[in-house]
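One letter stands for each residue in the lines below.
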Amino acid sequence: MAWDDNVYCAVDIETTGIDPSGGDRIIEIAIVPIYKGKIVKDWIYTSLVNPKVSIQTYAQSVHKISLKDIQSAPGLEDVLAVVRKYSRDTVLVFHNARFDLTFLDYAAKEVGQLPLDVYYIDTLEISKTVYGRGKKLETLAIEMGISHKVTHRAYDDALVTANVFIKFFDMFGWERIHEFLRRWMGREY
């Protein structure tokens, strides 16, 4: 199938826990651009984030990021500026978009910015339609023969999300994939 001229950016975050309303925050982010079905390695962005909050023990055991690792990392404000640049005139791609976008909303509000206003596609939503149920990113990667592994680190998981998206796009084409195009305009909490 022919690719359109959009730049798609697979995004993944790691967090201090799973509840942004309870104070959990972003501690790592990666953005993997895709153009015409190819990952553009020169445009990849990845960064640890210092949200100035503690990391839950369970979260540390999942992604292996400690407070020491994020001490000298850029803050939320700096990282959000990069996310906003990447989201201009692109379509963001997530696996479980609501989770990542909710954390990005909280981050924006915490630093006094407006929430993101972006177009996005969710590979979890696509999997629900294709398979009748949502599939984990790791399951999709294995079933699709993607060699990259889900490690619960932002770069690796964004790379897997990018490859899953490319496979879905190649399977279904632009018109079908764009049925999944959504707009996120921030949320009130």
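The structure presented is a predicted model; accordingly, all values stated were derived computationally and were not measured.

It is worth spelling out the pattern of salt bridges at this point. All chains considered together, the criterion is met by 7 salt bridges. For K36, the salt bridge identified is with D5, shortest N-O distance 2.5 Å. One end of the pair, K36, is in the loop between β2 (26-35) and β3 (38-39); the other, D5, is in the segment before β1 (7-15), with 31 residues separating them in the sequence. Take D5: its relative accessible area is 58%, and that puts it in the exposed class. Across the pair K135 and E143 runs a salt bridge whose closest N-O atoms are separated by 2.7 Å.

Two faces, one strand: in a regular strand the side chains alternate between the faces of the sheet. By the alternation rule, side chains of strand β4 (residues 45-48) split into Y45 and S47, which are all buried, and T46 and L48, of which none is buried. Pairing of β2 with β4 involves 4 bridges; the strand directions are antiparallel. The residue bridging E28 from the neighbouring strand is L48, located in β4.

Per the stated rule, a full pass over the model turns up 11 aromatic pairs. Ring geometry for Y8 and F169: centres 5.9 Å apart, planes at 65°, overall edge-to-face. With a gap of 161 residues between them, Y8 in strand β1 and F169 in helix α7 (residues 154-177) connect regions that are remote in the sequence. You can call Y8 buried: its relative accessible area is 0%. According to the relative accessible area criterion, F169 is buried, its value standing at 0%. Consider the rings of F99 and F103, whose centres lie 4.8 Å apart with planes at 50°: the pair is tilted. Within this pair, F99 and its partner F103 are both found in helix α4 (residues 97-110), separated by 4 residues, close to a single helical turn. On the basis of relative accessible area, F99 is assigned to the partly exposed category, the value being 26%. Connected via pairs of aromatic rings, a cluster forms that spans W3, Y8, F165 and F169.

About the criteria used
Residues numbered from 1 in each chain as written. Predicted model: local features only at pLDDT ≥ 70, side-chain atom pairs only at ≥ 80, totals over all residues. Heavy atoms only, no water. Salt bridge = Lys/Arg side-chain N within 4 Å of Asp/Glu carboxyl O. Helix = DSSP H or I, 4+ residues; strand = E, 2+ residues; numbered from the N terminus. Buried < 20%, exposed > 50% of the residue type's maximum accessible area, 1.4 Å probe, protein only. Pairing = 2+ DSSP bridges. Phe/Tyr/Trp six-rings, centres within 6.5 Å; stacked < 30°, edge-to-face > 60°.

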